[in-house]
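Given next are the chains, with one letter for each unit.
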Amino acid sequence: MAVTGRSGSGKSTLFNILGLIDRPTEGMYRLDGIDTTTMTDSQRTGLRASRIGLVFQAFHLLAFRTAEDNVMLGLLYQGVPTAQRRAAAREALDQVGLGHRRDSSAATLSGGERQRVAIARALVSKPSLLLCDEPTGNLDSTTAGQILDIIDDLHRQGLTIVMITHDPTVAARAQRTIRISDGFVEVGTSSRGSA
C-alpha cells in the first residue's frame, strides 16, 4: 500500500504509529492481532524488533561499518548470537542482490546499494510488516526502479508493505493507494488489483 499526501498531512505520524515509534492519541492499533496500545514501551520495542522492518529515505547506516555489520545491527537487540546474526545478515544481503558487497563499508556504496543494505537490515528479523518512508526519494529514476522491483518481489513473497511517498509513479506501483489530508484518510482512495 502506498500512502500519499502533502507535506504536513500526517504521513510521518501514521508511519510512526504503524512502526510503534509513537502511540495513537485515540483508537486502537492491532499488529498481527496484538493490541499495541496497551503495551509497555519495552513490549512495543520488542514487538517492533521482531515484527516490523523500517526503511528510511536517509538509509541510517553506519558509514564506516561494513554492509554485513549494518545488517547485523537489525538483530542486535534481540539477543541473537553473533554467528546467527552474521548468517542471517548474509542471507538478507543475498536477498537484495548485495551478497558480493557484504565486506564493503557503507561509505563506499552507491545510494542504491545503501538503500538495499537498509532494506536487508529491515528484512533480517523476518518481519511481517515492512514500513518504507520515501525509499526512493534520494535515488535516480533507474536506481529507484531497481529498489521498487525488490519491494514488489518482497510483496509477491507475502510481505505486507506500507510505503510513504510523494512520487505518483511510485504510488502507481502499489496495489492500493490512500491519501492523507490534514491527518485523515481521504474518502475515495484508489486501488488497483486485489489488496
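These lines cover the structure that appears in this document, whether it is placed above or below. Just so you know, these numbers come straight off a predicted model, no measurement behind them.

## Digging into the packing of aromatic side chains
- Per the stated rule, a full pass over the model turns up one aromatic pair.
- When the centroid spacing of 5.6 Å and the interplanar angle of 65° are considered together, the rings of Phe15 and Phe56 count as edge-to-face. In this pair, Phe15 sits in helix α1 (residues 11-18) while Phe56 sits in strand β4 (residues 52-56), placing the two residues 41 residues apart along the sequence.
- You can call Phe56 partly exposed: its relative accessible area is 21%.

## As for the side chain of Ser125
- Inspection of the secondary structure assignment puts Ser125 in the loop between α5 (111-123) and β5 (129-133).
- With relative accessibility at 14%, the residue Ser125 sits in the buried group.
- A distance of 3.2 Å separates the side chain of Ser125 from the backbone oxygen of Ala49, its partner in a polar contact.
- If we ignore the near neighbours within four places in the chain, the residues touching Ser125 are Ala49, Ser50, Leu75 and Gln78.

## Some points on a nonpolar patch on the surface
- Taken together, the side chains of Leu62, Leu73, Leu76 and Tyr77 make up a nonpolar region of the molecular surface, amounting to roughly 420 Å² of accessible area.
- With respect to the element layout, Leu73 can be found in the loop between α3 (67-72) and α4 (82-95).
- The exposure class assigned to Leu73 is partly exposed, which follows from its relative accessible area of 33%.

Thresholds, definitions, all that
The residue count restarts for each chain, going from 1 along the sequence in the order it is written. Where totals are concerned, whole chains, interfaces and linings use all residues; where local detail is concerned, this predicted model gives features only for residues with pLDDT of at least 70, and gives and counts side-chain atom pairs only at 80 or more. Side-chain numbers here rest on the full set of heavy atoms in the structure, without hydrogens or water. Two rings belonging to Phe, Tyr or Trp (six-membered ring only in the last case) form a pair when the distance between their centres is within 6.5 Å. Interplanar angles under 30 degrees mark stacking, angles over 60 mark edge-to-face geometry, and anything in between is tilted. Runs of H or I in DSSP of at least four residues are treated as helices and runs of E of at least two as strands, each being numbered from the N terminus. Buried, partly exposed and exposed residues are distinguished by accessible area as a fraction of the type maximum, computed with a 1.4 Å probe on protein chains only: under 20%, between the cut-offs, and over 50%, respectively. Polar contact is defined as a pair of N or O atoms within 3.5 Å, subject to the rule that within protein one atom must be able to donate a hydrogen and the other to accept it, and that residues adjacent in sequence are counted only when both atoms are side-chain atoms. Contacts: residue pairs with any heavy atoms within 4.5 Å of one another. Grouping into patches uses exposed residues only, defined as over 30% relative accessible area, and leaves out salt-bridged ones; the cut-off is 9 Å for like charges and 5 Å for nonpolar side chains (Val, Leu, Ile, Met, Phe, Trp, Tyr). In this description, accessible areas are obtained by the Shrake-Rupley approach with a 1.4 Å probe, and a residue is regarded as covered only by the protein chains that are shown. By salt bridge we mean one thing: a side-chain nitrogen of Lys or Arg within 4 Å of a carboxyl oxygen of Asp or Glu.

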